[in-house]
Amino acid sequence: MHPIHTLGSQERIKSRKLIDRLFSGGKSQSLAAYPLRVVYMEELAAEGTPQVQIMVSVSKRHFKRAVKRNRVKRQIRESYRLRKQLLLDSLQQHPEKALCLGFIWLADRLYTTSEVEDRMTNLLNRLAETL
């Protein structure tokens with residue numbers, strides 16, 4: 001397996017403080033490609049951390065059963081893992097920048113994996129253009 005197509009624990013947002021900063025407004029912005037929305041925040045890159053960190057959120061309001069929520073989260077993580085190079089290529093020009101991304105599911109129904117991947121590609125391309 002090529003090391004680019006991985007999604008290690010270092011690339012996930014785990015800090016409650018960072019999550020609060022991401023969603024408290026202020027410096028964060030968002031883009032949507034229904035049924036996905038991404039909230040992102042630019043920061044200065046710290047040594048030893050990856051340039052892009054992500055988190056995935058699927059509300060219990062949309063899917064009461066955890067099985068469906070977990071399926072959607074798996075689809076989002078997998079489609080990001082396969083397409084994150086689109087974003088990393090544009091960030092190579094700015095090594096001082098770091099991104100925090102929060103993917104939020106907006107729909108009340110399940111989508112096929114190919115549809116989720118199309119929306120993810122759309123979001124990452126648009127995000128890469130704004131950087």
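Residues numbered from 1 in each chain as written. Predicted model: local features only at pLDDT ≥ 70, side-chain atom pairs only at ≥ 80, totals over all residues. Heavy atoms only, no water.

Overview of the nonpolar core
Link 1 in the chain: Counting 29 residues, the largest nonpolar core has I76, Y80, L87, L99, L101, F103 and W105 as its most contacted members.
Link 2 in the chain: Of all the secondary structure elements, the ones that give two or more residues to this core are β1 (29-33), β2 (36-44), β3 (52-57), α2 (66-83), α3 (85-91), β4 (97-105) and α4 (113-130).
Link 3 in the chain: When residues in this core are grouped by element, the largest group, six residues, is from α4.
Link 4 in the chain: Residues L18, L22, M41 and C100 belong to the second largest nonpolar core, which totals nine residues. (Core = buried A, V, L, I, M, F, W, Y, C linked by side-chain atoms within 4.5 Å. Buried < 20%, exposed > 50% of the residue type's maximum accessible area, 1.4 Å probe, protein only. Helix = DSSP H or I, 4+ residues; strand = E, 2+ residues; numbered from the N terminus.)

Some remarks on the pattern of salt bridges
Link 1 in the chain: Counting across every chain of the model gives five salt bridges.
Link 2 in the chain: Between E43 and R21 there is a salt bridge, with the nearest N and O atoms lying 3.1 Å from each other. One end of the pair, E43, is in strand β2; the other, R21, is in helix α1 (residues 16-23), and 22 residues separate them in sequence.
Link 3 in the chain: Judged by relative accessible area, which is 43%, R21 ranks as partly exposed.
Link 4 in the chain: Residue E117 is joined to R83 by a salt bridge in which the shortest nitrogen-to-oxygen separation is 3.6 Å. Of this pair, E117 sits in helix α4 while R83 sits in helix α2, and the two are 34 residues apart along the sequence. (Salt bridge = Lys/Arg side-chain N within 4 Å of Asp/Glu carboxyl O.)

Purely geometric stuff here, so don't read any function into it on its own.
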